[in-house]
Amino acid sequence: MLNGYLRNQCYKETIELFELMGASDWGFDSYSCNFVLKACMELEDYERGREVIKRAVDHRVDGDKFLGSSMINFFMKFGDFDSARRVFNQMISRDVVCWNSMIGGYVKGCYYVAAFDLFLEMILCGVRPSAITMVSLVQACGGMRDLELGKRVHGLVLVFGLGTDVLVHTALIDMYSKLGEYERARSVFDIMPAKTLVSWNVIISGYVQNCLVYEAFDLFQKLVLAGGGFDSGTIISLLQSCAQVADLESGKVLHGYIFRKGLDINVILCTALVDLYSKCGALKEATFMFDRMKNRNVITWTAMLVGLAQNGHAEDAIRLFGKMQEEGVTANSTTLVSLVHCCAHLGSLKKGRSVHARLLRYGYAFDVVNRTALIDMYAKCGNINYAERVFEDVSFFKDVISWNSMITGYGMHGQGHKALNLYRRMLEEGLKPNKTTFVSLLSACSHSGLVDQGRSLFLSMESDHNIRANEKHYACYVDLLSRAGHIKEAEVLIKQMPFQSSREVFEALLNGCRMHKNIDIGIKAADYLLSLDATNPGIYIMLSNIYAEARRWDAVDHIRGLMRGRGLKKTPGYSLIEVGKQLHAFFAGEDSHPNSVEIDRILENLKSELEALGYVPDTSCVLRDVDEAMKIKSLWRHSERLAIAFGLLHTPAGSLIRISKNLRVCGDCHTVTKYISNVVEREIIVRDANRFHHFVDGKCSCNDYW
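Per chain, residue numbering runs from 1 following the sequence as it is written. Totals for whole chains, interfaces and linings use all residues, but because this is a predicted model, local features are given only for residues with pLDDT of at least 70 and pairs of side-chain atoms are given and counted only at 80 or more. Hydrogens and water are ignored here; the side-chain numbers use all heavy atoms of the structure.

K.L.:
Please explain the overall build of the protein as it appears in this structure.
P.N.:
Put simply, DSSP H or I for four residues or longer makes a helix, DSSP E for two residues or longer makes a strand, and each gets a number counted from the N terminus. From N to C terminus, the protein includes 38 helices and 6 strands. Dimensions of the protein, computed from C-alpha atoms along their principal axes, come out at roughly 105 × 55 × 55 Å. Within the protein, the proportion of its 706 residues that are buried is 50%. Reported accessibility uses the Shrake-Rupley method at a 1.4 Å probe radius. Residues are deemed covered only where the shown protein chains occlude them. About 33800 Å² of surface is accessible on the protein, with carbon and sulfur atoms providing 52% of the total. Categorising residues by exposure relies on relative accessible area from a 1.4 Å probe, with only protein chains included: less than 20% of the type maximum marks a residue as buried, more than 50% marks it as exposed, and the intermediate range marks it as partly exposed.

In structure tokens, the structure reads:
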């Protein structure tokens, strides 16, 4: 009866019947305890299971080797390795099943050395290993990432005559795949005398793990042609492969397979579809799949949230996290680190701090990946001091990515000398810089005007660190030279590049030409960029601005006419400010905000005060052919001024104001913000498309170099 309840998954009834047996004259034996112990394992009832084991010991029915194996499995399931070992040591008779229970338990608990020690003890005791023994040892080699040990265990498989066992073969395929030895995995698969669907799924999954997408699909085709069926596990691996290379069309074909073959639409399969569509940028399809799922786990929510974040919908991702909380789903590390990146993108310091608190609460804040994300977030939210605090925490094991992130943060905030000092510290501590390190350093030098230091770093890459400069390094170096006005030198450098010039390099040159009003080289750079991509509105805008600053209005009209003819539009300028728990967006020229009247009044008062202090509008920043009055009016409707006025209206006197802007700050707004910081006695931090500006007491951290 107990066995019947257990087989029909009536676990509570199994335990109740056992209690009834114990209270009656029937008593119980080792088989009864074995059945009820398995029921306790299914219900994850550790305390009840311990009571059953205590009764078995008290009634001296625990000597049976089958019950002994169940007791070991029970303790291993709950991570009580010491109790499992005590049971094992006290067993009078131990067969291979008992040894396998202990070895398998150690492997599942990642106690790999203990598993191999016990295996040696087993051999010395004269017990011949079974296929299950070898499967556990193969899995241990995969967990230890030890290829040489894995090869030795493979040899033992052959020595013990288990070379034809399908379970052992499948475990070997999985191990070799995880260790990057996909050719060995394939050779094991090819010699298998009988291949199960599990074997096919493991080799296909192995190819996907090793980024061999087309080979995985080729195997799938062979499986289908051989008349073998496939299940949701097969499709999940293939969906993951499509997601890796953003192959939306193949993913849709697989989605069609799912419905035509009537596969089990489980939560894992649906999550794989959400992940696929998200990574392919098909958010409409991803959202459709997500919304119609009846059961969603934390992985599903995270896949949707990451998809929104990676496709530029950071605010939607944060709103989705709110819904996730409402449904009582506990976030995991991946969920939270994705939110950290969202907060960094939005420049939302308050939300970022809130996510940091959650990382601490759940114990995820000590992971190197998460801490690096926090450094990046605090830097991008304008709080470089807090980024420093996270970085300098003595408990933080810092890898090269962490150092790079802090160097990048210093660069964004115009603290080039700090970035260089940190690089020297990094070398002193024995860390080897990588390609990204030099991208961060050259960018930091560019934002701080450290031309000589940048030159020295660029030359030291290959000579001192054997790192060959790539397109990103050249783009940063060209940007450094161009910003500093060395346009000719930058042009010569581009001609000497050992590979075809990239878009990034010429964009850096074009930006320098705009800053220093070099029309001739600017036109050549723009022409080259347009030959690469004639649909990029940013190139037309930059070229138009070069002409406008030179007052070549006929050329400006021509460029804008080309844009209209090709259906291209300028990206509207906007600024974000966080007040309370809400982000407020202001667009240039906007007058529809609920607080527009108050904002206009504040700006008018500021304009009067600033003019009294000597401010004169720089109308050269208005790149339109209109009269002076219209130019001045246009300047005072720039998005960052609207956001600053809103901040003055809704934040306490003396408090810091943070603004995020999607475009570069114009010269006049930069001057005005310096004046405002002095008049209202507030620090104002503005993050524009290039860097951070810290305005305090009428001065900016960039020293007017941006």
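Structure's up, so let's keep going.
K.L.:
What exactly am I supposed to notice about the state of the cysteines here?
P.N.:
Covalent bonding between the sulfur atoms of two cysteines defines a disulfide. Any two cysteine sulfur atoms lying within 2.5 Å of each other are counted as a disulfide. Counted under the stated rule, the structure contains 0 disulfides. Between C110, a cysteine without a disulfide, and C141, which holds the nearest cysteine sulfur, the sulfur-to-sulfur distance is 14 Å. Of all cysteine sulfurs in the structure, the one in C476 sits closest to C445, which takes part in no disulfide; the separation is 10 Å.

K.L.:
In this structure, what is going on with the domain arrangement of the protein? I would like to understand it.
P.N.:
A common measure of how large an interface is: the accessible area buried when the components associate. All domain edges in this entry derive from an automatic or database-based domain assignment. The domain architecture assigned to the protein consists of domain 1 (469-570) and domain 2 (574-700). Once you take the C-alpha centre of each, domain 1 and domain 2 turn out to be 28 Å apart. Between domain 1 and domain 2, the contact holds 9 residues from the first and 8 residues from the second. For the domain 1 and domain 2 pair, buried surface summed over both sides reaches about 730 Å², with 50% attributable to carbon and sulfur atoms. Here, a salt bridge means any Lys or Arg side-chain nitrogen found within 4 Å of an Asp or Glu carboxyl oxygen. Across the contact surface, domain 1 and domain 2 share 0 salt bridges. It only takes one pair of heavy atoms within 4.5 Å for two residues to be counted as in contact. By convention, the term buried area covers the 1.4 Å-probe accessible surface removed from two parts as they join, with the contributions of both added.

K.L.:
Looking at this structure, I do not really get the environment of L530. What am I missing?
P.N.:
Counting through the fold element by element, L530 comes out in helix α32 (residues 519-532). Residues L530 and D600, spaced 70 residues apart in sequence, show a C-alpha to C-alpha distance of 40 Å. Not counting residues up to four positions away in its chain, the partners in contact with L530 are I539 and Y540.

K.L.:
Got a minute to help me understand helix α9 (residues 131-144) in this structure?
P.N.:
Every α-helical turn comprises 3.6 residues, leaving residues that sit three or four positions apart pointing alike. Multiplying one less than the number of residues by 1.5 Å gives the expected span of a helix. Between its first and last C-alpha, α9 extends 20 Å over 14 residues, near the 20 Å set by a 1.5 Å rise per residue. By the criterion of burial, α9 is predominantly enclosed, with 10 of the 14 residues buried. Taken together, the buried positions of α9 are A131, T133, M134, V135, S136, L137, V138, A140, C141 and G142. Check the buried side of α9 and you find it contacts α7 (96-108), α8 (112-124), α10 (147-159) and α11 (166-178). Residue R145 follows α9 closely and has a positive phi angle near 55°.

K.L.:
Is there a simple way to think about the UniProt feature "repeat: PPR" (unreviewed entry) in the protein in this case?
P.N.:
Per the UniProt annotation, the sites labelled "repeat: PPR" (unreviewed entry) are residues 95-129, 165-199, 266-296, 297-331 and 399-433. Between the first and last C-alpha atoms of residues 165-199 the distance is 12 Å; the span itself is 71% helix and 0% strand. Between the first and last C-alpha atoms of residues 297-331 the distance is 10 Å; the span itself is 74% helix and 0% strand. UniProt positions are given in the numbering used here, feature names are shortened, and annotations may be inferred rather than shown by experiment.

K.L.:
What am I meant to see in the sheet that holds strand β5 (residues 692-696) here?
P.N.:
Sheet strands line up and pair through hydrogen bonds in the backbone, either parallel or antiparallel. Taken together, the 6 strands give an open sheet; going across it, the order is β2-β1-β3-β4-β5-β6, and neighbouring strands pair in mixed fashion. Of all strands in the sheet, those bounded by a partner on one side alone are β2 (582-587) and β6 (699-700). Note on pairing: two strands pair once DSSP finds at least 2 bridges between them. Where strand β3 (residues 657-661) meets strand β4 (residues 684-687), 4 bridges bridge the pair, whose relative direction is parallel. Note on β4: the bridge partner recorded for I659 is V686. Each of β1 (574-579), β2, β3 and β4 is contacted by helix α37 (residues 639-650), which is oriented at about 15° to β1, the strand it contacts most. The axes used here are C-alpha line fits, helices contributing only the stretch in contact, and every angle between their N-to-C directions lies in the interval 0 to 180 degrees. Sheet contacts for helix α38 (residues 667-679): β4, β5 and β6; angle to β5, the most-contacted strand, approximately 35°.

K.L.:
Could you clarify how one ought to interpret the packing of helix α23 (residues 368-380) against helix α24 (residues 384-392) in this entry?
P.N.:
For any two helices packed against each other, the geometry comes down to the angle between their axes and how far apart the axes lie. Their axes nearest at 7 Å, the elements α23 and α24 cross at an angle of 165°. With respect to their mutual orientation, α23 and α24 come out roughly antiparallel. The two elements α23 and α24 meet at a crossing, and its hand is left-handed. Each of R371, L374, I375, Y378 and A379 in α23 lies in contact with α24, whose residues at this interface are I384, Y386, A387, V390 and F391. In the scheme used here, Gly and all other residues not listed as nonpolar or charged are polar, with Ala, Val, Leu, Ile, Met, Phe, Trp, Tyr, Cys and Pro taken as nonpolar and Asp, Glu, Lys and Arg as charged. Classifying every residue of the contact of α23 with α24 gives 9 nonpolar, no polar and 1 charged. By the definition adopted for this analysis, an angle is roughly parallel if under 35 degrees, roughly antiparallel if over 145, roughly perpendicular if from 65 to 115, and oblique otherwise. Crossing handedness follows the turn of the near helix against the far one: under a right angle anticlockwise gives a left-handed crossing, and clockwise gives a right-handed one.

K.L.:
Would you explain the side chain of R687 in this entry?
P.N.:
Summarising the element assignment, R687 is placed in strand β4. It is D688 that comes nearest to the buried, bridge-free R687 among opposite-charge side chains, at 7.7 Å. A distance of 2.7 Å separates the side chain of R687 from the backbone oxygen of A344, its partner in a polar contact. Pairing of N or O atoms within 3.5 Å defines a polar contact, subject to two protein rules: one partner must be a possible hydrogen donor and the other a possible acceptor, and residues neighboring in sequence count only if both atoms are side-chain atoms. A polar contact of 2.7 Å, which involves the side chain of R687, links it to the backbone oxygen of H345. Asp and Glu are treated as the negative residues and Lys and Arg as the positive ones, with His and the ends of the chain left uncounted.

K.L.:
Explain helix α22 (residues 349-361) here, please?
P.N.:
Taking 1.5 Å per residue, 13 residues should reach 18 Å; α22 reaches 18 Å between its end C-alpha atoms and fits that length. By the burial criterion, the buried members of α22 are L349, G352, V355, H356, R358 and L359. Buried residues along α22 sit against α20 (314-326), α21 (333-346), α23, α24, β1 and β3. At the C-terminal side of α22, G363 shows a positive phi close to 80°.

K.L.:
Explain the nonpolar core to me, please; I cannot follow it from the model alone.
P.N.:
Among the buried residues, those of types Ala, Val, Leu, Ile, Met, Phe, Trp, Tyr and Cys that are joined through side-chain atoms within 4.5 Å form a nonpolar core. Within the largest apolar cluster, 191 residues are counted, with the highest numbers of intra-cluster contacts made by I235, L239 and L509. If you tally residues by element for this core, the top one is α21, at 8 residues. Each of domain 1 (469-570) and domain 2 (574-700) gives at least three residues to this core. Aside from chain neighbours lying at most four places away, what touches L239 is G251, L254, I258, L269, A272, L273 and L276. Counting residues in hydrophobic clusters, the runner-up holds 29 residues, among them W636, I644, I657 and F695.

K.L.:
Any chance you could explain the packing of aromatic side chains here in plain terms?
P.N.:
Each pair of aromatic rings is reported with the distance of its centres and the angle of its planes. Working definition: rings of Phe, Tyr and Trp (its six-membered ring) pair if their centres are within 6.5 Å, and the pair is stacked with planes under 30 degrees apart, edge-to-face with planes over 60 apart, and tilted otherwise. Taken as a whole, this structure holds 23 aromatic pairs when the rule is applied. An angle of 80° between the planes, with centres 6.2 Å apart, marks the rings of Y615 and W636 as edge-to-face. You can see Y615 sitting in the loop between α35 (596-612) and α36 (628-635) and its partner W636 sitting in the loop between α36 and α37, a full 21 residues away along the chain. A relative accessible area of 7% means that W636 is categorised as buried. An aromatic cluster is present here, built from F458, Y474, Y477 and F499 joined pairwise through their rings. A cation over an aromatic ring shows up here: R94 above the ring of F88, its NZ or CZ 4.3 Å from the ring centre. Either the NZ atom of lysine or the CZ atom of arginine qualifies as a charge over a ring when it sits within 6 Å of the ring centre and within 35 degrees of the ring normal.

K.L.:
Any chance you could explain the pairing of β5 here in plain terms?
P.N.:
Sheet faces and side chains relate simply in a regular strand, where the side chains alternate between the two faces. Burial analysis of β5 places 4 of its 5 residues in the buried class, which makes it a mostly covered element. The pairing of β4 with β5 spans 4 bridges and is antiparallel. Within β5, the residue paired with I684 across the bridge is F695. Sheet topology places β5 next to β6; 2 bridges connect them, and they run antiparallel. Pairing of V696 across the sheet is with K699, part of β6. Between β5 and β6, which follow one another and run antiparallel, lie 2 residues, and D697 among them has a positive phi close to 50°.

K.L.:
What's the story with the pattern of salt bridges in this structure? I'm lost.
P.N.:
Note that side chains of opposite charge can pair when their charged atoms are close. Inspection of the entire model under this criterion finds 25 salt bridges. Residue D393 pairs with R371 through a salt bridge whose shortest N-O separation is 3.3 Å. In this pair, D393 is assigned in the loop between α24 and α25 (400-412) and R371 in helix α23, connecting sequence segments 22 residues apart. Overlapping salt bridges bring together D452, R455 and E489 as one network.

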